[in-house]
Amino acid sequence: MIPDSRTRRRIAARFRRPGDRIYIHGKLATDPVYAATALAIKGRCLPLLDIGCGLGLLGHYLHACHALDGYLGLDHDGRKIAMGRDAAERAGLGDEIALREADAATPQPLRGHVAMLDVLHYLPRDRQSELLAFAVDHLADDGVLILRNVIRDGSWRYRATVWEEKFIKAVGWIPGGAQYFPTEDDIRGVLEPRGIRVDFKPLFGRTPYNSWLMTASRQALP
């Protein structure tokens, strides 16, 4: 079940600040990555580790889809983690949606699905390889690794994304800004030697940005 507008409003209402509620409802309504993730793990009900989870919106969305057997989100931003925990508690989902302030590569006692949405390019190239290997370590035999990231390919969408990231850095929205945009081969070069099958699909949505969805698994995906 893909959440409808009423469900999206209910998720947004779990957050205290009116501005956050407007942003969250719009984000859930317009960003295609949530529905794409739900589709990628359909029929494989496992816990999910969300690396760089922010407010934990993916957990709320997938819970509404009845797609998970538990959710753990990690993020280094303590403010976002506190807001996300508060929202989960207000919804009575404190046991189902767990959020922890932690470094992205802190080992966790969880094997299932793993998600990393818009995370890799904020790390240096060598740390990207480490984080991908960390994700594989937490992947169940029938789990799915879901990545959404900008891919370095020289296209006009890629160039537009680079300019957008420069603006984000200039205004201080994400301190440090983008470090390295990986190529498709960069990602395959880490995952495929570990026996992980990788599928790349464009996930541009209604934006000019070069976002791609990568689903990966030890088993063949539908």
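Residues numbered from 1 in each chain as written. Predicted model: local features only at pLDDT ≥ 70, side-chain atom pairs only at ≥ 80, totals over all residues. Heavy atoms only, no water.

**Focus on the packing of aromatic side chains**
- Here the structure, examined in full by the defined rule, presents three aromatic pairs.
- Measuring from centroid to centroid gives 5.6 Å for Y34 and Y61, while their planes differ by 35°, and the two rings are tilted. One end of the pair, Y34, is in helix α3 (residues 33-40); the other, Y61, is in helix α4 (residues 57-64), and 27 residues separate them in sequence. In terms of burial, Y34 and Y61 fall into one category: buried.
- Look at Y158 and F181: their rings are 5.6 Å apart centre to centre, the planes differ by 90°, and that puts the pair in the edge-to-face class. A residue pair is termed long-range when its members are at least 10 positions apart, and Y158 in helix α7 (residues 156-171) and F181 in the loop between α7 and α8 (184-191) qualify at 23 residues.
- Above the face of the F204 ring, R157 is positioned so that its terminal group lies 4.0 Å from the ring centre. (Phe/Tyr/Trp six-rings, centres within 6.5 Å; stacked < 30°, edge-to-face > 60°. Helix = DSSP H or I, 4+ residues; strand = E, 2+ residues; numbered from the N terminus. Buried < 20%, exposed > 50% of the residue type's maximum accessible area, 1.4 Å probe, protein only. Lys NZ or Arg CZ within 6 Å of the ring centre and 35° of its normal.)

**Considering the side chain of R157**
- Relative to the elements of secondary structure, R157 occurs in helix α7.
- One buried charged residue, R157, forms no salt bridge at all, with the nearest opposite charge on D153 at 8.3 Å. (Lys, Arg positive; Asp, Glu negative; His and termini not counted. Salt bridge = Lys/Arg side-chain N within 4 Å of Asp/Glu carboxyl O.)

**Brief notes about the sheet that holds strand β6 (residues 197-202)**
- Taken together, the seven strands give an open sheet; going across it, the order is β3-β2-β1-β4-β5-β7-β6, and neighbouring strands pair in mixed fashion. The open sheet is flanked by β3 (97-101) and β6, the only strands paired with a single partner. When strand polarity is set aside, the average angle formed by the axes of neighbouring strands in this sheet is 20°.
- As defined by bridge partners, strand β2 (residues 71-75) adjoins β3 across five bridges and the pair is classed as parallel. (Pairing = 2+ DSSP bridges. Axes fitted to C-alpha atoms, helices over the stretch in contact; angles between N-to-C directions.)

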